[in-house]
Amino acid sequence: MDQALLLIHNELPRTNLTVYWNFDCCYHCLLRVLASVSQGRKAGEPGVAAVAVSTQHWSILQLNDTAEDTEVCRLEYKFGEFGNYSLLVKHVRDGVSEIACDLVVNKEPVDSNLPVGIAFLVGMALIIVVSILRFLLSLEDFQNWISKAINSRETDRLINSELGSPSRASDPQPEAWRRSAAPLRLRCVDTFRGPVKCMLPKTSLFLMEQLSLRAEMALTIMVFVNYGGGKYWYFKHSSWNGLTVADLVFPWFVFIMGASIFLSMTSILQRGCSKIRLLGKIAWRSFLLICIGIFVVNPNYCLGPLSWEKARIPGVLQRLGATYFVVAVLELLFARPVPETCASERSCFSLLDITASWPQWLFVLILEGVWLALTFFLPVPGCPTGYLGPGGIGDGGRYRNCTGGAAGYVDRLLLGEQHLYQHPSSAVLYHTEVAYDPEGILGTINSIVMAFLGVQAGKIFLYYKDQTRGILIRFAAWGCLLGLVSVALTKASENEGFIPVNKNLWSVSYVTTLSSLAFLILLALYPVVDVKGLWTGAPFFYPGMNSILVYVGHEVFANYFPFQWKLGDQQSHKEHLVQNAVATALWVLIAYVLYKKKVFWKI
């Protein structure tokens, strides 16, 4: 899988060759020895070496004269999976010293991305079919036709089913928006608790459900990615700088968690719950998340029974628990009632959602200043101050043990190297040799910033709940502003900016880039889901109602049937893709059954 065969033919007389190789995307990396090709034993008989080369990214090949260590030729090429290639190294013509390196395709490669394309088209076809069916069910003529074809009782069942409710599809505004905004005791959705009783205006209830939908979509993608994503490189985390699909999911979940914190806390305080009692609930939930992350889904179980000497302390749930605690306590300390009387009179240029939160903004900006100060000014033994690179063979191999700079140093100093993730994604391209944890201490600071930006989205929803145009303007403004900040920090490049986009570091540019995309996605989904009611969120709605159960369950049972089975061809992207898609669909089905039976795991 993800490999091609390369035959290197050395037709140069009395010359031995050393072939060096690396990925083009490996930034400032040392080239690694791929093969040595001796001269032919007989005149007219070339020396040949057969090697396997990776097909995931563009490759750099450099051929040197072994004796003189001088470059003979250099080329860049994107090999195809299961392809067969020959590299012919020879003089251009007899008696001419100029050397040519010609690459010949002996066997055409396969299109390894074809299964992803087919799966995408099948998914789009299902969405189109469901959308057409929903539209038809909203038409009165079509309903009358159904009434004539089947009995009236069956007609009522079909029309009132989840798939096509005519009241939601035909009404320009969903029912929750048409009803009175008077507070009622209803059931709301919280990110980690499922349905919870709350006291919210019905408009706010609908907003909360739709914000939860965004988290549910992220959770479903997270399950698919964690199961392997068909073994495609873009469904895995980037080795260092840059973004892949896998890098998008976790921060968006943190973002929506921040929005749900504000909405759920507003509802609880409206019920008259004391702040001291609520603080206790926040602390207990954070503690449970951290404990589940350390003792239930710890990756060190792969090595046998969990030993505290080598137990990984940071992790996804641990990061969520710490982030939730800080942001929730911050909002609790400075909580203010949301003004209701002048909501419809606010100008589209009002900044009330920001100015009312100036203490929280001040705290978050100070926290970001701490991250910048530690990242760029903390002395790290044996490493340049302010180093943001991967170490290993990156940067010419000069800083092999400096992976992550200050972030890695702080984790190793405070937590110990044995308690960190031992197989970081940086080892794939950069062959790093030290442990590094992408959910480390310094990165938690920026995840707090990300969650607080999610809080800001929640405040926009609630402060301007009667102004669709005002909400859209603010989403667009935040998306553009954060996008411009990202462009300034990265210089619109992957590796050349002041602070590159980096998931391993959770760099500030990573936060601004993903937050910008989150606001723009809300900008696109809000009219479709919240205002027009064209999509209910199914099937992503159901996993979000049991998000903690789905996350923990998919981690614990990852190697059990029917989520995994022995494949007929382990080197097939198609078979891995089918297996991972089926496993993800099964968790959606499990969540659906639990939802119908009203079974929810709350913490």
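Residues numbered from 1 in each chain as written. Predicted model: local features only at pLDDT ≥ 70, side-chain atom pairs only at ≥ 80, totals over all residues. Heavy atoms only, no water.

An unreviewed UniProt entry lists the protein under the name Heparan-alpha-glucosaminide N-acetyltransferase isoform X4, with Odocoileus virginianus given as the organism.

Undergrad: Sorry, what's going on with the pairing of strand β6 (residues 70-77) here?
TA: In regular strands, side chains alternate between the two faces of the sheet. Bridge count between strand β5 (residues 59-65) and β6: seven bridges; the pairing is antiparallel. The partner of Leu-61 across the bridge, within β6, is Leu-75. If you look at the hairpin formed by β5 and β6, you'll find four residues sitting between the two strands, and Asp-69 has a positive phi there, around 55°. (Pairing = 2+ DSSP bridges. Helix = DSSP H or I, 4+ residues; strand = E, 2+ residues; numbered from the N terminus.)

Undergrad: When you look at the sheet that holds strand β3 (residues 32-37) in this model, what are you seeing that I'm missing?
TA: Either a parallel or an antiparallel arrangement is found when strands of a sheet pair, and the pairing is made through backbone hydrogen bonds. The sheet built from four strands is open, its strands ordered β3-β2-β5-β6 with antiparallel pairing. Every other strand in the sheet has two partners, leaving β3 and β6 as the edge strands with one partner each. On average, each strand axis in the sheet is tilted by 20° relative to the strand beside it, whichever way the strands run. (Axes fitted to C-alpha atoms, helices over the stretch in contact; angles between N-to-C directions.)

Undergrad: So what exactly am I meant to see when it comes to the state of the cysteines here?
TA: By definition, a disulfide links the sulfur atoms of two cysteines through a covalent bond. One pass over the full model with this rule turns up three disulfides. Between Cys-26 and Cys-29 runs a disulfide, and the two sulfur atoms are separated by 1.9 Å. Looking along the S-S bond of the Cys-26-Cys-29 disulfide, the torsion reads about -65°, which is the left-handed sense. Relative accessible area serves as the criterion here: at 5%, Cys-26 is assigned to the buried category. (Disulfide = S-S within 2.5 Å. Buried < 20%, exposed > 50% of the residue type's maximum accessible area, 1.4 Å probe, protein only.)

Undergrad: Would you mind going over unusual backbone geometry with me for this structure?
TA: Glycine aside, residues mostly have negative phi, and peptide bonds are mostly found in the trans state. Residue Phe-561 is joined to Pro-562 through a cis peptide bond whose omega torsion reads 10°. Mapped onto the fold, Pro-562 is located in the loop between α18 (547-556) and α19 (573-596). Located in the positive-phi region is His-28, a residue other than glycine, with phi close to 55°. Mapping His-28 onto the fold places it in the loop between β2 (17-23) and β3. By relative accessible area, His-28 is classed as partly exposed at 48%. Here Lys-598, not a glycine, exhibits a phi torsion of approximately 60°, which is positive. Counting through the fold element by element, Lys-598 comes out in the segment after α19. The class of Lys-598 is exposed, set by a relative accessible area of 66%.

Undergrad: It is not clear to me how the packing of aromatic side chains should be interpreted in this structure. Could you clarify?
TA: Aromatic ring pairs are defined here through the distance separating the ring centres and the angle between the ring planes. Applying the stated rule across the entire model yields 26 aromatic pairs. Look at Phe-224 and Phe-235: their rings are 5.3 Å apart centre to centre, the planes differ by 85°, and that puts the pair in the edge-to-face class. You can see Phe-224 sitting in helix α6 (residues 202-226) and its partner Phe-235 sitting in the loop between α6 and α7 (245-270), a full eleven residues away along the chain. Seen from their ring centres, Trp-478 and Phe-519 are 5.8 Å apart, and the 15° between their planes marks the pair as stacked. Here Trp-478 is found in helix α15 (residues 468-490), whereas its partner Phe-519 is found in helix α16 (residues 508-531), with 41 residues between them in sequence. Of the two residues, Trp-478 and Phe-519, both sit in the buried class. One aromatic cluster in this structure is built from Phe-255, Trp-361, Phe-452, Phe-461, Phe-475, Trp-478, Phe-519 and Tyr-526. Across the ring face of Trp-506, the terminal group of Arg-319 is positioned such that the distance to the ring centre comes to 5.2 Å. Positioned above the aromatic ring of Tyr-464 is the side chain of Arg-474, whose terminal nitrogen or guanidinium carbon lies 3.7 Å from the ring centre. (Phe/Tyr/Trp six-rings, centres within 6.5 Å; stacked < 30°, edge-to-face > 60°. Lys NZ or Arg CZ within 6 Å of the ring centre and 35° of its normal.)

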